Amino acid sequence: MNFFLLDYMLVIFFPLRHHLDVRRMSRLEGLKANSSQFTLEGEPFRILGGSVHYFRVPRAYWEDRLLKMKACGLNTLTTYVPWNLHEPERGTFNFQDQLDLKAYVSLAAQLGLWVILRPGPYICAEWDLGGLPSWLLQDEEMQLRTTYPGFVNAVNLYFDKLISVIKPLMFEGGGPIIAVQVENEYGSFAKDDKYMPFIKNCLQSRGIKELLMTSDNWEGLRCGGVEGALKTINLQRLSFGKPLMVMEYWSGWFDVWGEHHHVFHAEDMLAVVSEILDRGVSINLYMFHGGTSFGFMNGAMDFGAYKSQVTSYDYDAPLSEAGDCTPKYHHLRNLFSQYHSEPLPGVPSSPERKAYSPAFIQQHLSLWDVLQFSDKPHKSDRPVNMENLPVNNNNGQSYGYTLYETTITGGGALNSRNNIRDRAVVFVNRECVGCLDYKTHEVALPDGKVTLSFLVENCGRVNYGKALDEQRKGIVGDIVLNNTPLRGFSISCFDMKPSFIKRLTNSGQWKTDFKSHCIPGFFQARLCVDGPPKDTFVTSKLEGIIFVNGQNLGRYWFIGPQHFLYLPAPWLRSGENEVPV
């Protein structure tokens, strides 16, 4: 997420004018990199950028986060664009409400910020499948991030819609977008030498004329560029010659379940940022504010071992997950103020926080009680992976849980052959007998004719590396009992969409008798908010997901390192709030 130009270059700082009203920007000349420095409107210009993803920040807080960016001394906003949110089903687009990209970019302009857009189609971003929609994987021959026809056709249709949204926001048309990134970190993937020219043409053929950039880590620079686009680099420590721009200077790092929380100390970060600025280099902080991968949108990593990323995308960034100004923020503000001729704007106060009384569990329904609220089960002789289930207008299941059930006539050794993606709880006659995952492949089953059930959780698709094409979830191959493949499945989809949660919450069948078996299951709590809602955090034991008033806050898991889920005030209401767990 950092930019790098291979030649030795000198960059001179030129302050951004205070008001970038999108209606009255002068259109002399856009961002150029034709010499040893950037120019904008024909004048020397240094990019002081920061990344804030609109899809990770509640819309009600967009302005707060961007005002704090401006007050820190930054002049440019960078953001990715997640294809899988904007086209959740093939041909069905969403650029409204939380996903109103036009409104977000226009707000940046109103607040005096330029914009560098990173539209993908692949974005990495520690986001499920790197932002690619899971329905692409319905094609068993799919080759993501290549010129494979199935991928090319899908990208073209998506870019037809996306470019129609963003083109009026380009610098040329009076908007704040001064540069556009071509794909993302392709040098680390590099399967098809025709692919980057294809993506570049996707942009230019649809009328994008602003400066194009590519972004790679140090190892990917050799393979990741494309003719006519400025090469940039992603890094945490300065260990190379003089770049024109560091497009991703990593202010921290992301976390995975079961490992420690990453911290990049403010003093260490400040020393590197100071050196970058001393050299006259442009910079983009990734992340300036990380926010939250709400719901099931977290990614995963797999470099020999699968590791799911946590819900929080705090990233140890200058602005915390909840929008607080950290010591990093104040250090950076002091540093960036030295590169402005006038005092920086005041720092907005952070939203108020409040610790509410516990939301006690009052009612429950077991998984088996809830089956009546799900869609009709799909019958199949063999197991079917999530993406190929005939649900969601035949776009498959993208996220959540899938229940596979079959009947067996005898016990023995059950072996997954490592075909569980990613974790499964195994039941015999609805009694838990064990778990299967990447490390545990066998469970012993008792004798007798029984119903055998697998509740499989998609813990997040890998977002980086060579394994993108293998990110199908659920049961992805044969499960064997005494070396004989299981057959005759009934498959139920639990993707936890708002409509399902609403049906469940409004049902009159909740139980109050906690003596009956209720795990796995759904638990109903209520949170009472006295007065105007305030930001807060939620914690729970064991492992699962938490909803508040229909909003999926994300996953919780006792193994950490994340132990609290961020609950923003705009998602609460005064009085009683529904909290299904």
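Source: prediction; values computed, not measured.

Cut-offs used in this document
- Residues numbered from 1 in each chain as written.
- Predicted model: local features only at pLDDT ≥ 70, side-chain atom pairs only at ≥ 80, totals over all residues.
- Heavy atoms only, no water.
- UniProt positions renumbered as here; feature names shortened; annotations may be inferred.
- Helix = DSSP H or I, 4+ residues; strand = E, 2+ residues; numbered from the N terminus.
- Phe/Tyr/Trp six-rings, centres within 6.5 Å; stacked < 30°, edge-to-face > 60°.
- Buried < 20%, exposed > 50% of the residue type's maximum accessible area, 1.4 Å probe, protein only.
- Lys NZ or Arg CZ within 6 Å of the ring centre and 35° of its normal.
- Pairing = 2+ DSSP bridges.
- Axes fitted to C-alpha atoms, helices over the stretch in contact; angles between N-to-C directions.
- Right-handed = clockwise from strand over helix to strand, strands pointing away.
- Core = buried A, V, L, I, M, F, W, Y, C linked by side-chain atoms within 4.5 Å.
- Contact = heavy atoms within 4.5 Å.

K.L.:
Explanation requested: the UniProt feature "domain: Beta-galactosidase 1-like first all-beta" (unreviewed entry) in the protein in the structure shown.
P.N.:
Per the UniProt annotation, the sites labelled "domain: Beta-galactosidase 1-like first all-beta" (unreviewed entry) are residues 396–491. In the segment residues 396–491, helix accounts for 0% and strand for 49%; the C-alpha atoms at its two ends are 12 Å apart.

K.L.:
What exactly am I supposed to notice about the packing of aromatic side chains here?
P.N.:
Aromatic rings in a pair are described by how distant their centres are and how their planes are angled relative to each other. Enumeration over the complete set of coordinates arrives at 31 aromatic pairs. A centroid spacing of 6.3 Å and a plane angle of 80° characterise the contact between Phe 296 and Tyr 401, whose relative ring orientation is edge-to-face. Taken together, the positions of Phe 296 in the loop between β10 (282–289) and β11 (300–302) and Tyr 401 in strand β15 (residues 401–408) put the pair 105 residues apart, joining distant regions of the chain. The pair formed by Phe 296 and Tyr 401 is uniform in burial state, with each residue classed as buried. Members of the aromatic cluster, connected to one another through ring pairs, are Trp 83, Trp 135, Phe 151, Tyr 158, Phe 159, Tyr 186, Phe 189, Tyr 195 and Phe 198. Above the face of the Trp 557 ring, Arg 423 is positioned so that its terminal group lies 4.1 Å from the ring centre. Here Lys 466 stacks its cationic end above the ring of Phe 189, 5.8 Å away from the centre of that ring.

K.L.:
Sorry, what's going on with the sheet that holds strand β18 (residues 423–428) here?
P.N.:
Strands belonging to one sheet form pairs held by backbone hydrogen bonds; the direction of such a pair is parallel or antiparallel. If you walk across this open sheet you meet the six strands as β14-β25-β15-β21-β18-β19, and the pairing is antiparallel. Among the strands making up the open sheet, the edge pair consists of β14 (378–380) and β19 (431–436). Within this sheet the neighbouring strands show an average axis-to-axis angle of 25°, counted without direction.

K.L.:
Could you clarify how one ought to interpret the pairing of strand β6 (residues 177–181) in this entry?
P.N.:
A regular strand carries its side chains on alternate faces of the sheet. The element β6 is extensively covered by neighbouring structure, given that five of its five residues are classed as buried. Inspection of the sheet shows strand β5 (residues 114–118) paired to β6 by three bridges, in the parallel sense. Residue pairing in the sheet places Leu 117 in a bridge with Val 180 of β6. Handedness of the crossover joining β5 and β6 through helix α4 (residues 149–166) is recorded here as right-handed. Across three bridges, the pairing between β6 and strand β7 (residues 211–217) is parallel. Residue Gln 181 lies in a different strand from β7, and its bridge partner there is Met 213.

K.L.:
Before we go on, may I ask you to explain the pairing of strand β4 (residues 76–80) in this structure?
P.N.:
Most of β4 is tucked away, with five of its five residues classed as buried. Side chains of β4 alternate between two faces, with Thr 76, Thr 78 and Tyr 80 and Leu 77 and Thr 79 buried alike. The pairing of strand β3 (residues 48–52) with β4 spans three bridges and is parallel. The partner of Ser 51 across the bridge, within β4, is Thr 78. Here β4 runs beside β5; their pairing, made up of five bridges, is parallel. Bridge assignment links Thr 79 to a residue of β5, and that residue is Leu 117.

K.L.:
Just checking my understanding: could you explain the nonpolar core for this structure?
P.N.:
What tends to happen in soluble globular proteins is that the nonpolar side chains get buried as a cluster. Formed by 140 residues in total, the largest nonpolar core has its most connected members in Tyr 249, Val 273 and Met 496. With ten residues, α4 is the largest single contributor of residues to this core. Leave out the neighbours within four places in its chain, and Met 496 touches Phe 296, Tyr 401, Ile 501, Phe 522, Ile 545 and Phe 547. One finds Val 384, Phe 454, Val 456 and Ile 479 within the second-largest nonpolar core, a separate group that totals 24 residues.

K.L.:
Just to check I follow, could you spell out unusual backbone geometry for this structure?
P.N.:
With glycine set apart, most residues show a phi of negative sign, and most peptide bonds adopt trans. Geometrically, the link from Tyr 286 to Met 287 is a cis peptide bond, its omega value of -5° lying close to zero. Inspection of the secondary structure assignment puts Met 287 in strand β10. In this chain, Gly 560 is followed by Pro 561 through a cis amide linkage whose omega measures 15°. Within the element layout of this structure, Pro 561 appears in the loop between β29 (551–557) and β30 (565–567). Positive phi is not limited to glycine here, since Asp 316 has a value of about 50°. Turning to its location among the elements, Asp 316 is positioned in the loop between β12 (306–308) and α8 (327–337). On the basis of relative accessibility, which here comes to 16%, the residue Asp 316 falls in the buried class. Of note in the backbone geometry, Asn 394 takes a positive phi value of approximately 65° without being a glycine. Of note, Asn 394 is situated in the loop between β14 and β15.

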